[in-house]
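An overview of the molecular structure
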Amino acid sequence: MGTRVAVAGASGYAGGELLRLLLAHPDLEVGPVTAGTSAGAPVTSVHPQLPQLAGTTFGGTSAAVLADADLVLLALPHGQSAALAAQLPPTLPVVDLGADHRLASAADWEAFYGGAHAGTWTYGLPELPGARAALRGAVRVANPGCYPTSVALGLAPVLAAGLVEPQDVVVVAASGTSGAGRSAKASLLGSEVMGSMAAYKAGGAHQHTPEMEQTLSAAAGAPVSLLFTPTLAPMPRGILATCTARLAQGTTTAALREVLAAAYDPEPFVHLLPEGAWPATASTYGSNAVQLQAAADPRSGRATVVVAIDNLGKGAAGQAVQNANLLLGLEETAGLSAAGVAP
Ligand SMILES: NC(=O)C1=CN([C@@H]2O[C@H](COP(=O)(O)OP(=O)(O)OC[C@H]3O[C@@H](n4cnc5c(N)ncnc54)[C@H](OP(=O)(O)O)[C@@H]3O)[C@@H](O)[C@H]2O)C=CC1
Ligand SMILES: CC(=O)N[C@@H](CCC(=O)OP(=O)(O)O)C(=O)O
């Protein structure tokens, strides 16, 4: 029998994408599949795109059900993972797609999410320096947030190289509507989203701000201050993050690109585009790919790094499978594609 993977929150958007990836994975197979209000319903009634699971129904979510697997993927709303994970056998590998175990600072958790801080797990962004080795030896992994994945990959190398200043980083990012989860469907499918873009949680209020600062401060070796403005775009999937930061003295476009190329040329999923080409979400659609580009603007004194991902791919389920591969000692790229679906 292959390695069985349990998915909690399998009736959600991230859960559905996890199931799609697991069904195509050469070494993993779908184990217990659990949900909340959808428990008892056929999987295909929620995910008609997964005919291989005809005949399978969602189970109720409990530690006992999930423990009947070799690895557990938690795709539950924020605040729902910690209590459940605490009841699982400590040796059972778990990747949590939610935020419960991402932040080291209890004060930041309480300020942005509320409630008690559950603790910190190994942060699952394999392309960050040193992360891969830590993930290979980990049992519990906090999968990063969708926006923080894009921003960290864009800015960490240039901050680490001292090419931009750690203070006054500004990020404006657009997300597809699936980023808000299935439960937001009724309002997101309505006329208020189609044909319009809207900012939300602006003015430093978004819960991903401390997660971005945490990762980037570690990369820079100095505290990073960052203003993040998320926007909702009328598309089902994708994140386009536009990150700008003050240039350090003498930083050129060539220097930014050289550092990003050195960081990502060996990476199977992260692609620095040819100079002058800028990322588009469509190129990453349905994949675990990341596309990025950078330029220095001496006139404004700022660097721009633009990053595109699929929020459900590298922003959630793809990254979780990449982390699961590392935890289980499998080929890191197994079951994952860097090729997007286009047009
Ligand atoms: N969507 C995205 O792009 C990304 C999502 N994530 C994270 O993944 C997680 C899931 O997000 P997403 O798929 O978008 O959310 P959805 O709202 O689409 O799905 C939530 C899932 O959790 C289940 N659920 C809710 N409450 C409970 C409960 N009390 N007990 C058991 N199951 C419950 C739901 O089941 P049911 O519907 O049957 O009640 C559903 O399966 C979140 O933590 C999110 O932050 C991370 C990165 C990106
Ligand atoms: C469009 C939209 O609403 N996006 C969500 C993304 C949250 C999410 O999915 O959270 P994690 O990535 O932390 O798990 C938001 O901005 O809150």
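Structure report, in brief.

Calculation rules
- Residues numbered from 1 in each chain as written.
- Chains lettered and ligands numbered in written order.
- Predicted model: local features only at pLDDT ≥ 70, side-chain atom pairs only at ≥ 80, totals over all residues.
- Near = placed C-beta within 6 Å.
- Helix = DSSP H or I, 4+ residues; strand = E, 2+ residues; numbered from the N terminus.
- Nonpolar A, V, L, I, M, F, W, Y, C, P; charged D, E, K, R; others polar.
- Domains from an automatic or database assignment.
- Expected span 1.5 Å × (residues − 1).
- Bend = angle between axes of the 7 residues up to and from the residue.
- Contact = placed C-beta atoms within 7 Å.

1. A closer look at the site of ligand 1
By nearness alone, 30 residues border ligand 1, and Gly12, Gly36, Ser38, Gly98 and Gly181 come closest of all. Breaking the shell around ligand 1 down by element, the ones donating at least two residues are α1 (13-23) and α11 (313-328). Here the shell around ligand 1 takes three residues from α1, the largest share from any one element. A per-class count over the shell around ligand 1 returns 11 nonpolar, 18 polar and one charged. The two domains that each donate at least three residues to the shell around ligand 1 are domain 1 (3-120) and domain 2 (147-311).

2. Some words on α11
Over its 16 residues, α11 runs only 20 Å from end to end, short of the ideal 22 Å by more than 12%, given 1.5 Å per residue. A bend of about 45° at Gln319 is the largest found in α11. With its phi angle positive at about 75°, Gly329 sits one or two positions after the end of α11.

3. Side note on the environment of Asp297
Structurally, Asp297 can be placed in strand β13 (residues 290-297). Expressed as a C-alpha distance, the spacing of Asp297 and Ser178, which sit 119 residues apart in the sequence, is 33 Å. In this structure Asp297 touches Arg302 and Thr304, once residues within four positions along its chain are discounted.

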